[in-house]
Amino acid sequence: MRIATWNVNSLKARMDRVEEWIGYAEPDVLCMQETKMTDKAFPAMAFSAMGYDSVHHGEGRWNGVAILSRVGIDDVVSGFAAGIEPDRDARLLTATCGGIRVMTVYVPNGREVGHEHYHYKLDWMRRLREHLDAAATPTDEVLVCGDFNIAPDDRDVWDPAACNGGTHVSEPERAALARVVDWGLEDVFRRQYQADRLYTWWDYRAGMFHKHMGMRIDLMYASASLADRLDWTLIDRNARKGVQPSDHAPLVGSFQERL
DNA sequence: ATGGTCGCGCAGCGA
């Protein structure tokens with residue numbers, strides 16, 4: 001079972017790259033963020049022709065998340081579970097694919113520490129934990145992946161000193177992430193790579209990608225029983241190269257078959 | 001040292 005997460009930064013602008021990538025990466029499940037389109041505009045037929053069922057939760061110009069699956073999509077929940085203050089944006093989608101409760105998340109960008117959007121981000125993370133409590137059980141196979149806009153620790157940024165005090169690395173953001181992880185999740189990339197400084201996002205500007213100046217903010221978390229089946233993970237830097245790339249690279253996790 | 005680019009949509013904002 002191969003599961004991927006990719007912030008595509010507009011599916012309309014990225015469709016050729018996404019189709020190319022699916023063609024060679026052959027994920028069983030692909031979670032996307034920042035599709036930036038309405039549900040009506042979502043190219044479900046094109047994905048169907050490639051063998052994937054899909055579900056999309058979009059709004060238009062901003063945000064938007066999707067799950068593609070060739071192992072089934074059931075019990076879909078758009079946004080936070082019932083009983084939680086609804087999200088004003090399209091940032092979360094939950095579905096069961098091949099026996100795994102999959103969640104694709106696009107965590108708000110906080111803009112600046114202390115900004116109104118920063119507080120919205122922290123509150124959004126609080127609600128994500130409530131969503132986990134309501135929509136899943138830690139003993140089940142659960143996978144939470146997406147663009148968290150938070151670097152979990154200083155290994156996850158190219159220069160901790162330069163990033164110090166900024167958004168993505170602030171202590172309250174990391175604490176909010178830890179609170180979500182505390183539900184019963186493990187960072188599968190870090191399960192495989194402990195010291196490695198590998199990133200998933202690089203600013204388009206200033207040749208940041210070529211200078212290896214990025215952040216690891218696209219994350220894949222698995223519940224214990226699923227994490228125990230982890231075979232390997234990969235950040236596909238090739239997808240960040242070439243013609244009209246997203247500013248994020250896909251992150252792939254491969255899980256062994258259930259015994 | 002600083003700033004450097006995209007996408008959306010048609011100016012300038014958001015990331």
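Everything that follows concerns the structure shown earlier in this document.
As a starting point, this report considers the structure included with it. Not measured: the values here are computed from a predicted model.

**Examining the pattern of salt bridges**
Inference 1: One pass over the structure, following the stated rule, counts 21 salt bridges.
Inference 2: Measuring nitrogen to oxygen at the nearest pair gives 2.7 Å for the salt bridge that ties Arg 126 to Glu 130. Residue Arg 126 and its partner Glu 130 are both found in helix α3 (residues 116-135); the two are separated by four residues, about one turn of the helix.
Inference 3: For Glu 130, a relative accessible area of 32% translates into the label partly exposed.

**Some thoughts on the packing of aromatic side chains**
Inference 1: All told, the structure shown has seven aromatic pairs when counted by the stated rule.
Inference 2: Seen in terms of ring centroids, Phe 148 and Tyr 221 are 5.5 Å apart; in terms of plane orientation they differ by 75°. Their pairing is edge-to-face. Of the two residues, Phe 148 is situated in the loop between β8 (142-147) and α4 (160-163) and Tyr 221 in strand β10 (residues 218-223); the sequence distance between them amounts to 73 residues.
Inference 3: Look at Trp 202 and Phe 209: their rings are 4.8 Å apart centre to centre, the planes differ by 90°, and that puts the pair in the edge-to-face class. One exposure class covers both Trp 202 and Phe 209, and it is buried.
Inference 4: An aromatic cluster is defined as three or more aromatic residues linked by ring pairs; in this entry it consists of Trp 6, Trp 21 and Tyr 24.
Inference 5: Between Arg 88 and the ring centre of Tyr 120, over which it is positioned, the NZ or CZ distance is 3.8 Å.

Cut-off values and rules
Residues numbered from 1 in each chain as written. Chains lettered and ligands numbered in written order. Predicted model: local features only at pLDDT ≥ 70, side-chain atom pairs only at ≥ 80, totals over all residues. Heavy atoms only, no water. Salt bridge = Lys/Arg side-chain N within 4 Å of Asp/Glu carboxyl O. Helix = DSSP H or I, 4+ residues; strand = E, 2+ residues; numbered from the N terminus. Buried < 20%, exposed > 50% of the residue type's maximum accessible area, 1.4 Å probe, protein only. Phe/Tyr/Trp six-rings, centres within 6.5 Å; stacked < 30°, edge-to-face > 60°. Lys NZ or Arg CZ within 6 Å of the ring centre and 35° of its normal.

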